[in-house]
Amino acid sequence: MTQPSKNKRIEIQTTSDDHHIAKLAAFAIGLHLLEAALPSPLPGVKPGLANIITLFVLYRFDFATAAWVSLLRVFASSLLLGNFLSPTFALSLSGALLSLAALCFAQYLPRRYFSAVTLSLLAAFAHMTGQLLVVRVWLIPNAGVAYLIPIFMVAALVFGVANGLLTNYLLRINPVRLDEDKG
Amino acid sequence: MVKPSKWGKPLLGDVLVIIFALLFVAYLFKSLWHNEQAAKLQIRLGDKIYATYSLDQNRDINIQGPIGVTRIEIANGKARFASSPCPNQYCVHQGWLNHKGHAAICLPNQVSMELLGGKKPFDSLNY
Amino acid sequence: MRLLVLIFALFLSACGKESLVQTKSYVFGTLVDISIYGETEDKAHEVTSHILQDFQRLHHQYHAWQSDSELSTLNKRFAAGKTPVEMSPELTQMLTQAQTLSKQSQGLFNPAIGGLISIWGFQRDEFTPVEINDVAIQKLVQANPQMSDIVIKNNTAYSTNSTVKLDLGGYAKGYALDLAITELQKQGVKNALVNIGGNIIALGQHGDKPWRVGIQHPRQPKPMATLDLPSGWAVGTSGDYQRYFEQAGKRYCHIIDPRNGYPALGTQAVTVLIAPSPQAGVLSDVASKPIFLSAPDQRAMAAKAMGVEHYLVVDAESNIRLSASMSGRVHWLTKPKKIAVQ
C-alpha cells in the first residue's frame, strides 16, 4: 500500500491479476479483429472465438470481470474497426449483452454436470437472439427474417459447442496456480 | 494418478443441453420454414396479369378499371380491396386475404387478386 | 439476403417444369378460368380462345335481358301470343332439356320465372336493394309460369301462358361446360379444367394426380374444403353469397322460390358433385337449386329426384349436412362446427 506521494507522479497499483486480465482482453480484441478480417460464407455468421475469452475469464475470475472484458472487446474493436455506433456495432453490442445475461444465470449451474460447453451453447443462442432482434426491429423490419432464424441458430449451436470445447481445453491446460499473488 | 485427457469426458448436463438445443433448432425449422405463408400477391385486370407484388411491404395499389379506380392495400403480409367503384362492394367486404389460394374479385371493375406462394392446395375454386 | 435467393432458386428447380397453361377471362358476365395441362402453349391458347369465343356467343345469344338476344326475342313472342316461333336447333335442344329437368325437380328448377327474377332486380349486372312489390310478385306466382306451358315442336315453340319469361341463368353455365368438354375432346386435349363463374368440370388429370377444386366458404373469403374431380366429373354450387342485396338487415339472394315468389331463406350454400355423363355440366348447374330451395327434411328427396348422389348443404345456421358418399370425398380445410351425414 502506497500513500499518494507528494510529488507529481501518480502511480496506479496493478496486480498480476490485472495484468492477466489485460492480456486476455487484448487477446479477445485481437480475435475479434481477426474474425472481422476473414470473409464469412454467410453474413452475420462468425465463429465468435472472442467468446472463448469471455468464458475463460468467467471461470478464472468472476462474472463482473468477464462482463468487463466482453464489453471492452465490443467497444474497443468497433473503435479500432471504425464502425462505432454503426449497425455492426449494434449487432455486436446486443449479442454481447444478451449472452452476458445468459451467463449471469448459467454460471450457477453445477460444475459436476455442466461444463463450459453448456455455458457456451446457451451464451451463443442468447447472442444470436440479441442480434436477430436488432435485425428484425431495426435493420430488416419485415417478416422475411423468419426464414433466416433457423439457419443462424444452427450456426449458434455448432459454434457454441465448438467454442465450449475449446474453452474446456484451455481451462485444463491453464489450471489455477495456487502460488500466484492475488494481491 | 491417471492424467485426465485435456478435453475432459462429456458431462451429463452438457449432453442434455446439446440434445435440447438440437430439438429446439429442429422445431424452429419446422415452424418457421412452413410454406403456408403467402409470399406474393398477383393482381389481374381483365384477362391480363396486371402486376405481382411481394406481401413483405406496406403499400397501396391503384388500378384503373372499366368503371373506375380500385384500390388494393397490402400490409402486414396481407392484402385486401380497400375501395372500389362497384355498387355492391362485395370485394371490399371480403376483407383481408392472408393465405395462399385466397382470392377476391371485383367483377364490375374486372379486378381480381390472388395470393400465390408455394403450392396451391387446389387447382380452381368452386363457388 | 443472398441466402434467401439461393434457397428460393433451389426450391424452384426442385419443383420441376409443369406444362400447365391457365387462362382467366371475363366472359358470361363472370370470371372464366380454363386450365389445360400437357399441351404446348400455342395449342392451349388456341383451344382456349376458341372456347371463350363459344362462350361469348352463348352469352349473347341466350342473354336473359339484353333485348336483341335470341332468348329475349322468344320471350317477347311468348308474351305476345300463341304463334309458334322458330328457334335455332341449339335453343330447341336446350329448352327440351330444361323442360325435362324442370319436371324432374317438381318445378323447383323453373327457368320460366324470368318475370320474378326481374322484379327482384336480379336481371341486371349489379344488384341494389329494390322496393319489394308484393302485389306484382303475388300476381306472377298466381299466373304460375312453368316450363310445361311451352309447346316445342319441330324447332318451333310457343307458350300457352303469356307470363312465361325464360331466364337460363341457372342452366346456361352448365350447358357451356358440357360444350367446352365436347370441344376440348374434339381438339384432342386430354387434360383440362374449366371453371365458369365457380361451376367446374374436369377432363383427364393434372399430371399424375386428379384435378382438385376448392369449395368456397359461404361467409369467409377462403375455401372451406377441397374436393378431387376425376375425369368427366363436375361440381356446382348455389349460394346466397354470390348475387344478393341486403335490406333492413335481411339478405335477399338471387335464387327465387317459384312457389312463393321470394328469395330462398334457410340455406347458405348447396354444392353438388355430378358423375360423368353428357349432361354432367348442366346438372352441376341445375341440380343444386331444387336442393337449395327445399326444406331441410325435403333436401335428400330433392337430390334423389335430380339423380344427385353427392351433395353438401350449408344451412342458414352454418351447419353442414352432406350425403354419406360426399363426406368421403370432401377434405375439410377448416373443420366446421357441426357436420351431419345423411
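Residues numbered from 1 in each chain as written. Chains lettered and ligands numbered in written order. Predicted model: local features only at pLDDT ≥ 70, side-chain atom pairs only at ≥ 80, totals over all residues.

Undergrad: Help me out: how do you make sense of the overall build of chain A in this one?
TA: Assigned secondary structure in chain A consists of six helices and zero strands. Each helix and strand of chain A, placed in order from N terminus to C terminus, yields the pattern α-α-α-α-α-α. Looking at chain A residue by residue over its 183 residues, the buried ones come to 36%. Within chain A, contacts between residues at least 6 apart in sequence are counted, and of these 75% link residues at least 24 apart. (Helix = DSSP H or I, 4+ residues; strand = E, 2+ residues; numbered from the N terminus. Buried ≥ 20, exposed ≤ 12 C-beta atoms within 10 Å, placed from the backbone. Contact = placed C-beta atoms within 7 Å.)

Undergrad: Help me understand unusual backbone geometry, please; the structure alone is not making it clear to me.
TA: Peptide bonds are, in most cases, trans, and in most cases residues other than glycine have a negative phi. All names here are of chain B. Of note, Q110 is a non-glycine position whose phi angle comes to about 55°, a positive value. Structurally, the position occupied by Q110 is in the loop between β6 (103-106) and β7 (111-116). Given 19 C-beta atoms within a 10 Å radius, Q110 is considered partly exposed.

Undergrad: Help me understand the sheet that holds strand β9 (residues 223-229) of chain C in this model?
TA: Within a beta sheet, neighbouring strands are joined by backbone hydrogen bonds and run either parallel or antiparallel to one another. Spatial ordering of the open sheet is given by β8(B)-β8(C)-β9(C)-β16(C), a layout of four strands whose pairing is mixed. Where the open sheet ends on each side, the last strands, each with one partner, are β8 (124-126) of chain B together with β16 (330-332) of chain C. In this sheet, adjacent strand axes meet at a mean angle of 35° when their direction is disregarded. By the bridge criterion, six bridges tie strand β8 (residues 211-216) of chain C to β9 of chain C in an arrangement that is antiparallel. If you follow W211 of chain C over to β9 of chain C, its bridge partner there is L229 of chain C. (Pairing = 2+ DSSP bridges. Axes fitted to C-alpha atoms, helices over the stretch in contact; angles between N-to-C directions.)

Undergrad: Honestly, the pairing of strand β1 (residues 40-45) of chain B in this entry has me stumped. Any pointers?
TA: For a regular strand, the rule is simple: side chains alternate between the two faces of the sheet. Residue and element names in this part refer to chain B. In this sheet, strand β2 (residues 48-54) lies alongside β1 in antiparallel orientation, the contact comprising six bridges. Within the sheet, the bridge partner assigned to R44 lies in β2 and is I49. Once β1 ends, the chain turns through two residues before running back antiparallel as β2, passing G46 with a positive phi of about 65°. Pairing of β1 with β7 involves six bridges; the strand directions are antiparallel. Paired with R44 across the two strands is S112, which belongs to β7.

Undergrad: Quick question: what am I supposed to make of the interface of chain B and chain C here?
TA: Interfaces are often sized by the accessible area lost when the parts come together. Each side of the interface is counted separately: chain B has 25 residues, and chain C has 31 residues. Contributing elements (two or more residues each) for the side of chain B that touches chain C: β6 and β8 of chain B. Among the elements that line the side of chain B that touches chain C, the one with the most residues is β8 of chain B, at three residues. Split by residue class, the side of chain B that touches chain C holds eleven nonpolar, eleven polar and three charged. As judged from the three bridges shared by β8 of chain B and β8 of chain C, these two strands associate in the parallel manner. In the sheet register, N126 of chain B faces β8 of chain C, and the bridge partner there is I215 of chain C. (Nonpolar A, V, L, I, M, F, W, Y, C, P; charged D, E, K, R; others polar.)

Undergrad: Teacher, can you tell me more about the sheet that holds strand β5 (residues 156-159) of chain C here?
TA: Residues and elements named next belong to chain C. Taken in spatial order, the three strands line up as β3-β5-β4 in an open sheet, and their pairing is antiparallel. Edge positions in the open sheet fall to β3 (85-86) and β4 (150-153), since each of these has one partner strand only. As judged from the four bridges shared by β4 and β5, these two strands associate in the antiparallel manner. Looking at the pairing, V151 lines up with Y158 of β5.

Undergrad: In this structure, what is going on with the environment of S99 of chain A? I would like to understand it.
TA: All names here are of chain A. Structurally, the position occupied by S99 is in helix α4 (residues 87-106). Distance in space between the C-alpha atoms of S99 and F125 is 7.6 Å, their sequence separation being 26 residues. For S99, the contacting residues outside a window of four places in its chain are A123, A126 and H127.

Undergrad: Honestly, the packing of helix α2 (residues 50-60) of chain A against helix α5 (residues 116-139) of chain A in this entry has me stumped. Any pointers?
TA: Pairs of packed helices are described in terms of their axes, by the angle between the two and the distance that separates them. Residues and elements named next belong to chain A. Look at α2 against α5: their axes get within 11 Å of each other, and the N-to-C directions meet at 130°. Relative to α5, the element α2 lies oblique. Considering the relative orientation of α2 and α5, their crossing is right-handed. Residues N51, L55 and Y59 of α2 touch α5, and the partners they reach there are A116, L119, S120 and A123. Here the contact of α2 with α5 is composed, by residue class, of five nonpolar, two polar and no charged. (Parallel < 35°, antiparallel > 145°, perpendicular 65-115°, else oblique. Left-handed = near helix turned anticlockwise from the far one by under 90°.)

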